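# Observations on chain architecture
The lines below spell out each chain.
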Amino acid sequence: MNKPPATLHDNRLLLLKLLLLACVMFVFAWGLIPVYDALCRLTGLGSLQRPDEVGSQRLAATPLAPVLLTFDATVQPGLPWQVRPLTRTLRAVPGEFVRVDYEITNASNRQVIGQAIPRYLPAAAAEYVKKLDCFCFAQQAFEPGQTKRFPVVFVIDKNVPAGLDSITLAYTIFDVPGRS
């Protein structure tokens, strides 16, 4: 059986349907952006890749007690890096900016890419340490024998509980598989 040729009306109807489909797809793709942002905020996805936010804090009427900060670093077994904080301990007043430098050396004869993961002791201290700049925000690539220094800049929140007078900030460095 022969099918009759498409009429002008049929072609216009098809064009209208295709334009409507394209518009729906565009709106759907555009709408995914806020949904993804909300999902990331809700679950904490991607929080290692950006600085912490330092909210507006009112000034304390009484001087805040300094917090003893200890810095440490470990490396995944088999990763040929040497990592050390250039400052082991210091006292910081909550609300003041703190900068500590870490030195990392690739002790191997090949390029290595790694990622630092922060850890806080006690674990409850994590919500009071607001990092603004950190080598842990991105993967780090090192050529054979290369040494680099990285700053870690942060603020201890002024709302830190009085009993939390000592915080350890430790980093564990892991190899990024498939990237070396």
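Residues numbered from 1 in each chain as written. Predicted model: local features only at pLDDT ≥ 70, side-chain atom pairs only at ≥ 80, totals over all residues. Heavy atoms only, no water.

Within an unreviewed UniProt entry, the label attached to the protein chain reads Cytochrome c oxidase assembly protein CtaG, and the organism entered is Vogesella margarita. UniProt, in the comment section headed Sequence similarities (unreviewed entry), describes the protein chain in these words: "Belongs to the COX11/CtaG family." Database annotation for the protein chain, UniProt heading Function (unreviewed entry): "Exerts its effect at some terminal stage of cytochrome c oxidase synthesis, probably by being involved in the insertion of the copper B into subunit I." (UniProt positions renumbered as here; feature names shortened; annotations may be inferred.)

### Here's the deal with the nonpolar core
By size, the foremost hydrophobic cluster in this structure holds 33 residues, and its most contacted members are Leu 69, Tyr 102, Phe 135, Phe 154 and Tyr 171. Of all the elements in the fold, those that place two or more residues in this core are β1 (67-75), β2 (81-85), β4 (97-106), β5 (112-121), β8 (147-156) and β9 (166-175). (Core = buried A, V, L, I, M, F, W, Y, C linked by side-chain atoms within 4.5 Å. Buried < 20%, exposed > 50% of the residue type's maximum accessible area, 1.4 Å probe, protein only. Helix = DSSP H or I, 4+ residues; strand = E, 2+ residues; numbered from the N terminus.)

### Things to note about the side chain of Thr 168
Assignment of secondary structure puts Thr 168 in strand β9. When neighbours within four sequence positions are excluded, Thr 168 is seen to be in contact with Thr 70, Arg 119, Tyr 120 and Leu 121. (Contact = heavy atoms within 4.5 Å.)

### Observations concerning the sheet that holds β2
Taken in spatial order, the four strands of this open sheet run β2-β4-β8-β6, and their pairing is antiparallel. Of all strands in the sheet, those with a lone pairing partner are β2 and β6 (129-133), marking the two edges. With direction set aside, neighbouring strand axes in the sheet form an average angle of 30°. Pairing of β2 with β4 involves five bridges; the strand directions are antiparallel. Looking across to β4, one finds that Val 83 is bridged to Ile 104. (Pairing = 2+ DSSP bridges. Axes fitted to C-alpha atoms, helices over the stretch in contact; angles between N-to-C directions.)

### A word on a nonpolar patch on the surface
Together, Leu 14, Leu 18, Leu 21 and Met 25 make up an exposed nonpolar region whose accessible area comes to about 410 Å². Tracing the chain through its elements places Leu 18 in helix α1 (residues 8-43). The class of Leu 18 is partly exposed, set by a relative accessible area of 48%. (Patch = residues over 30% accessible without salt bridge, like charges linked within 9 Å, V, L, I, M, F, W, Y side chains within 5 Å. Areas by Shrake-Rupley, 256 points an atom, 1.4 Å probe, with all protein chains shown as cover. Salt bridge = Lys/Arg side-chain N within 4 Å of Asp/Glu carboxyl O.)

### A few points about the sheet that holds β1
Spatially, five strands are ordered β3-β1-β9-β5-β7 in an open sheet, and the strand pairing comes out mixed. The open sheet has two edge strands, β3 (89-92) and β7 (140-142), and neither has a second partner. Recorded for the sheet is a direction-independent mean angle of 30° between the axes of neighbouring strands. Where β5 lies against β7, three bridges are found, and the strand directions are antiparallel. Looking across to β7, one finds that Val 112 is bridged to Phe 142.

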